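# Summary of structural features
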Amino acid sequence: MLEHLNNVLINGGTYIEHHYGQSSEAIKRLLEASSLGALHNSGERFDPPKCHPNTRTAVLKKLMDWFIGEFGWDDLVLWLYGPAGAGKSAIAQTFAELCAKENVLLPSFFFSRSDPRRNNEKNFVATLSYQLWFHVTESRPIIEAAINNNPAIFQLNFDTQFRTLFLDPLLQLSSSGRFTSGKPFPNLIAIDGLDECDGADVQDTILNIISNALQHHRSALPFKILIASRPEYHLTISFSVAPLHALTSRLALDDTYRPDDDIRLYLTDSFRDIQKTHIMRAHLPDSWPSEEDIAKLVAKSSGQFIYATTVIRYVSAPRRNPLDRLSVIQGILPVNDDRPYAQLDALYINILSDVEDIKAVLRILGMAFILTNNTNHNIGPLAVNDLEKFMRLTPGTVQLLLIDLLSVVDASDHNKPIKFLHASFSDFLIDPSRSCQFFIDPSKRHEDAAHFCISAIGLLDMATPLPRLAYQSLLSHLRLAGPLQDNATLREKLLKVPYVQHWKFYALSLIDKPLMYNEPPPEDPGMFLEFLQTSEFRQTEELYLHHRSILDQKLRDSLALIPMSPCLDFWTTVCAGGMLKHYPQVPLLAFGILSSSSTPDVSVVAPGFLVSAFLDRIEAGSERRRYPWKGAYRITGNLYPRMVKEFLNDPSRAGAHAIDQSTYTTAAVFAAEGEQWNFMWEAFTFMLSKAGYSAELVNLLSQENLTFNLGRPYNNVRHRVQTLFGAVRDYLLKFKGSIPSAFKIGLNWAEFQRDNISDCFTAEDLDDDGSKWRVFYIDESILPSDEDTREPAGRK
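Starting from 1, residues in each chain are numbered consecutively following that chain's sequence as written. Restriction of local features to residues with pLDDT of at least 70 applies here, the model being predicted, together with a cutoff of 80 or more for giving and counting side-chain atom pairs; totals for whole chains, interfaces and linings are based on all residues. Side-chain metrics rest on all non-hydrogen atoms present in the structure, leaving aside hydrogens and water.

## A closer look at the packing of aromatic side chains
- The criterion for an aromatic pair is that two Phe, Tyr or Trp rings (for Trp, the six-membered ring) have centres within 6.5 Å, with stacked assigned to planes under 30 degrees apart, edge-to-face to planes over 60 apart and tilted to the rest. The full count for this structure, using the stated rule, is 35 aromatic pairs.
- Relative to Phe 452, the ring of Phe 390 has its centre 5.4 Å away and its plane inclined at 65°; by these criteria the two rings are edge-to-face. With Phe 390 in helix α16 (residues 384-390) and Phe 452 in helix α20 (residues 442-459), this residue pair connects regions lying 62 residues apart in the sequence.
- On the basis of relative accessibility, which here comes to 2%, the residue Phe 390 falls in the buried class.
- Note on Phe 452: relative accessible area 9%, which makes it buried.
- Counting every residue linked through ring pairs, the aromatic cluster contains Phe 109, Phe 111, Phe 124, Phe 158, Phe 162 and Phe 166.
- The criterion for a charge sitting over a ring is simple: Lys NZ or Arg CZ within 6 Å of the ring centre, and within 35 degrees of the ring normal. Above the face of the Phe 110 ring, Arg 45 is positioned so that its terminal group lies 4.1 Å from the ring centre.
- Over the ring of Tyr 314 we find Arg 325; its NZ or CZ atom is 3.9 Å from the centre of that ring. For the purposes of this entry, the term helix denotes a DSSP run of H or I that reaches at least four residues, the term strand denotes a run of E that reaches at least two, and both are numbered from the N terminus. Burial status follows relative accessibility: with a 1.4 Å probe on protein chains alone, a residue under 20% of its type maximum counts as buried, one over 50% as exposed, and anything between as partly exposed.

Next up, the structure:
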């Protein structure tokens, strides 16, 4: 049948026969200049992306409401925008098909970065003009005449082509009454993927020329234009200024339209199709994939359809086992030679290829990634402005450098962290087999972060959050950095960092910051020294000893400011004996009560800096400082007390403040005379076991009404009472040679003072679950039969 036809144009499924006469050359040249592959129904775009049934219904309704005037009736342009992979082209395709069925679609143009006839403006106007020629028969002689009158029209600039081949024919039709005659005419212009047209200047030119035409001929041109694109910076600006701003409605593909619900439906239906049609269907369990599997895929999609469609395309491959392929996606099976994310990777590579300063951009993205994607409690995301300070960048640099990546990351708010719009984008960046030249090595970025932390500690700009950030996260970044053995630069910086010297200023900045009981202790000089002692750096012992000597000097200087006193001896022996290690917390009030001042003009409290790096000392002549964290300070898990213990027990390091028998003796006297707290049960008995002879102590312990105002222990009550009695008895036997007849010790567990103690202890008094708070005495009957009172008690 077709062999007898000449000059036949086949457009989609429609056969159009042209008996070219005078206009044949004009139409031939128009077709040659057009890109028919850009049409919504082009055969070149076989099986174009479109919305899955029953998905994107809210968005499509919004588009139709705009088109028919239910909302934004006066807005001739609708900008549909969203990040890469959000499904813009599928929505535009589906909407174009719906409008084409109703004969209201005039021209459409679907740009594509990978198609040389669809990625620039050269074929754009001719394609629009051809569709006008095809759909509105009255336009044909006008367009043909324009081409015949100016044979070079297709070589002229965009503005001239647009006016000659599209705008002027429309204006002539309007002046002839075509659009007011009552005869239906298609009045929707659909342009998809404008951001894929080569060059931001060209994209802006297209927008400006179209918007100017609409503005100047608004009443004459009753058309509406749908433009879909990514929210590139220059496009956002163009749509935000006159005249487009006043002509345009915006529709953002964000969480407003619940994309996760649509993605879940798409995945569920697609996996159901695989179960019904795949050659392996007999081997696919009915429960595959599970609801949990679907939920994880939805979460990984981050609201972007491209991830979900990529997964389905990979899993449904007819010559592969769907079970195995889903396991590859889930990371259960190795990838081997497969490329499950080929389409997705191509998208990301195209986006990154347009970035000008890719090295700086990858460094920023890498830093944002490691600060966000980790389970370390000391590392957290930074707002854009803080990230710039941390990386020592000029304010505004991050937004400027990421301007070409708005479709995959969001850095628009200075007060919020950089947001990766696709969870799969960060996966791509840290997988060298996928990202190739754009690979981000997390270990290298942690190394960068360690350098930034060291700089922040050295500069100590307390007006910024950098010192706090640096002290909190330096060690974590070092542990996550690459191999340290040969990293001479980082080692040299660590050798010189004033970590211990500047610590006090950081600690004082935390005075008003509460520390929850279940919160891990912040990193401190003890942890810093422990890291250096066990690190993989070359000559790590030198690193450790260098900073340990700095800590030793700081402790000596701090101790020198506190007058020598029994109170100081008490606390140094508590710390030197490690007597707080069994206590998860110590009331801060204890430090105030168990303190003294030997001179009226000096306010001195107990040296809290020996117990914790976060408890600062009181300097001579200063007002009493408010302690960090009200209530109780947690000791457990802090390496700092261990370092202090080693210091105090080493005369070569502590000098005059090193602990010896005389220190324990003075401390025991102080403890016997002072008010008592829970940890004093261990402290006093330990000090007595280490103490030497003291007439004062012997007299104190020998008095007839010897009473300790000890609070009731929280646990191990019987053992602690036995140990206390045994320690006092043993000290008297050792240095007095005897104990008083009917020797007994009074225990005041009440909240009031009593001089006469006549009641002996009862079994309930020594029961861990007992509730009596009273005054009573104990005697030798308290001791166990084997009198082994010096065994350490088990802790609950």
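## Brief notes about the packing of helix α25 (residues 540-560) against helix α28 (residues 640-648)
- It is at 11 Å that the axes of α25 and α28 come closest, and there the two elements cross at 75°. The pairing of α25 with α28 is recorded here as roughly perpendicular in orientation. Here Tyr 544, Leu 551, Asp 552, Leu 555, Arg 556 and Leu 559 of α25 lie close against α28, whose contacting residues are Tyr 640, Met 643, Val 644, Glu 646 and Phe 647.
- We call Asp, Glu, Lys and Arg charged. Ala, Val, Leu, Ile, Met, Phe, Trp, Tyr, Cys and Pro are nonpolar, and the rest, Gly among them, are polar. Among the residues making up the contact of α25 with α28, the classes are represented as eight nonpolar, no polar and three charged. Orientation is described by axes fitted as lines to C-alpha atoms, over the contacting stretch for helices, and by angles from 0 to 180 degrees between their N-to-C directions. To sort the angles, those under 35 degrees are grouped as roughly parallel, those over 145 as roughly antiparallel, those from 65 to 115 as roughly perpendicular, and the leftovers as oblique. Any two residues having at least one pair of non-hydrogen atoms within 4.5 Å are treated as being in contact.

## As for a negative patch on the surface
- Judged by side-chain charge, Asp 198, Asp 354, Glu 356, Asp 357 and Asp 404 come together as a negatively charged surface patch.
- Assignment of secondary structure puts Asp 357 in the loop between α14 (342-353) and α15 (358-372). Like charges within 9 Å and nonpolar side chains (Val, Leu, Ile, Met, Phe, Trp, Tyr) within 5 Å are joined into patches, using only residues over 30% in relative accessible area that form no salt bridge. Per-residue accessibility takes into account occlusion by the displayed protein chains alone, with areas from the Shrake-Rupley method and a 1.4 Å probe. Salt-bridge detection follows one rule: a side-chain nitrogen of Lys or Arg within 4 Å of a carboxyl oxygen of Asp or Glu. Counted charges follow a simple rule, with Lys and Arg positive, Asp and Glu negative, and His plus the chain ends left uncounted. The location of each charge is read from NZ of Lys, CZ of Arg, CG of Asp or CD of Glu.

## Describing the sheet that holds strand β4 (residues 105-110)
- Read across the sheet, five strands follow the order β4-β5-β6-β3-β7 without closing on themselves; strand pairing throughout is parallel. Of all strands in the sheet, those bounded by a partner on one side alone are β4 and β7 (248-252). Between one strand axis and the next, the sheet turns through 15° on average, direction left out of account.
- Bridging between strand β3 (residues 77-81) and strand β6 (residues 224-229) involves five bridges; their strand directions are parallel. Paired with Leu 80 across the two strands is Ala 228, which belongs to β6.
- Contacts between helix α2 (residues 57-68) and the sheet are confined to β3, β5 (188-192), β6 and β7, with β6 contributing the most and set at about 150° to the helix. Strand pairing follows a simple DSSP-based rule, namely that at least 2 bridges must link the two strands.

## Section: the pattern of salt bridges
- Going through the model one piece at a time under the given rule, you end up with 25 salt bridges.
- Note that Asp 65 is salt-bridged to Lys 61, the shortest N-O span being 3.0 Å. In this pair, Asp 65 and Lys 61 are both assigned in helix α2, four residues apart and thus about one turn of the helix distant.
- The buried category is assigned to Asp 65, whose relative accessible area is 18%.
- For Asp 448, the salt bridge is made with Arg 363, and the minimal N-O distance between the two is 3.6 Å. You can see Asp 448 sitting in helix α20 and its partner Arg 363 sitting in helix α15, a full 85 residues away along the chain.
- Classification of Arg 363 by relative accessible area gives partly exposed; the value is 38%.

## Notes on helix α8 (residues 233-240)
- Those residues of α8 not exposed but buried are His 234, Leu 235, Ser 238 and Phe 239. Projected onto a plane normal to the axis of α8, the buried residues spread over an arc of 135° and lie on a single side.
- Residues of α8 that are buried sit in contact with β3, α7 (200-216), β6, α9 (244-247) and β7. This arc is taken over the directions from the axis of the helix to the C-beta atoms.

## Looking at unusual backbone geometry
- Along the chain, Ala 242 connects to Pro 243 via a cis peptide bond; the corresponding omega equals 0°.
- In this structure, Pro 243 sits in the loop between α8 and α9.
- Following Trp 288, the chain continues to Pro 289 via a peptide bond in cis, the omega torsion being -15°.
- Here Pro 289 is to be found in the loop between α10 (259-277) and α11 (291-301).
- Positive phi is not limited to glycine here, since Asn 54 has a value of about 70°.
- Tracing the backbone shows Asn 54 in the loop between α1 (24-33) and α2.
- Phi at Arg 392 takes a positive value of approximately 60°, unusual for a residue other than glycine.
- Relative to the helices and strands, Arg 392 is located in the loop between α16 and α17 (397-401).
- Residue class for Arg 392 comes out exposed when judged on its relative accessible area of 55%.

## Some remarks on the pairing of β4
- Taken across its six residues, β4 has six buried, putting it largely inside the fold.
- Direction of pairing for β4 relative to β5: parallel, over a ladder of four bridges. Residue pairing across strands places Ser 108 opposite Ala 190, the latter belonging to β5.

## Description of the pairing of strand β14 (residues 775-778)
- The two faces of β14 match: Val 775 and Tyr 777 on one face and Phe 776 and Ile 778 on the other face are all buried.
- Strand direction decides the pairing type here: strand β13 (residues 745-748) and β14, joined by four bridges, are antiparallel. Residue pairing in the sheet places Asn 748 in a bridge with Val 775 of β14.

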